[in-house]
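Close look at the chain arrangement
What follows is the residue order along each chain.
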Amino acid sequence: MVPKKYSEFLFISIMGLGMSLIMTLAITYINTGLDSDFLNRWFKAFLVGFPIAVVAASVMTPIAKKLTKKFTS
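This text gives an overview of the structure that appears in the document.

**Observations concerning the overall build of the protein**
Regarding its fold elements, the protein presents two helices and zero strands. Taking 11 Å as the expected radius of gyration for a compact globule of 73 residues, we find that the protein reaches 16 Å, considerably beyond that expectation. Here the C-alpha coordinates of the protein stretch approximately 50 × 35 × 15 Å along the principal axes. Across the 73 residues in the protein, those meeting the buried criterion constitute 19%. Sequence separation of at least 24 residues holds for 57% of the intrachain contacts in the protein that already meet a minimum separation of 6.

The following block contains the structure:
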């Protein structure tokens, strides 16, 4: 189990993982199509996309929470 104090970082990492997996898969497929080298190209895109997605999620999470609270209160 991960200690509760790391829950926000774990949430951001899981969100970044999911976002980067789905987005790099879709974008690689749209840009290059499905062929024998697809998985290699996708994995390279994922390796670049994952850290970017984690940073983006860490920046956007507090903003999204504030906006959600503002629009729903």
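This is not the end of the story, as more comes after the structure.
**A closer look at the side chain of Thr61**
Topologically, Thr61 is positioned in helix 2 (residues 38–72). We classify Thr61 as buried; its relative accessible area is 12%. Here Ala57 takes part through its backbone oxygen, which lies 2.6 Å from a polar atom of the side chain of Thr61. With residues near it in sequence (within four places) discarded, Thr61 still touches Glu8, Phe11 and Ile12.

**Some thoughts on the environment of Ala53**
Here Ala53 lies in helix 2. Sequence-wise, Ala53 and Gly18 are 35 residues apart; in three dimensions their C-alpha atoms are separated by 9.0 Å. Look past the residues within four positions of Ala53 in its chain and what remains in contact with it is Gly16, Met19 and Ser20.

**Notes on the pattern of salt bridges**
By the definition in use, this model includes three salt bridges. With a closest N to O distance of 3.1 Å, Arg41 and Asp35 form a salt bridge. A salt bridge links Asp37 to Arg41; the nearest nitrogen and oxygen atoms lie 3.8 Å apart. For Arg41, a relative accessible area of 23% translates into the label partly exposed. The network of salt bridges with shared partners includes Asp35, Asp37 and Arg41.

What counts, and at which threshold
- Residues numbered from 1 in each chain as written.
- Predicted model: local features only at pLDDT ≥ 70, side-chain atom pairs only at ≥ 80, totals over all residues.
- Heavy atoms only, no water.
- Helix = DSSP H or I, 4+ residues; strand = E, 2+ residues; numbered from the N terminus.
- Rg over C-alpha atoms; globule rule 2.2 N^0.38 Å.
- Buried < 20%, exposed > 50% of the residue type's maximum accessible area, 1.4 Å probe, protein only.
- Contact = heavy atoms within 4.5 Å.
- Polar contact = N/O pair within 3.5 Å; in protein donor to acceptor, adjacent residues only side chain to side chain.
- Salt bridge = Lys/Arg side-chain N within 4 Å of Asp/Glu carboxyl O.

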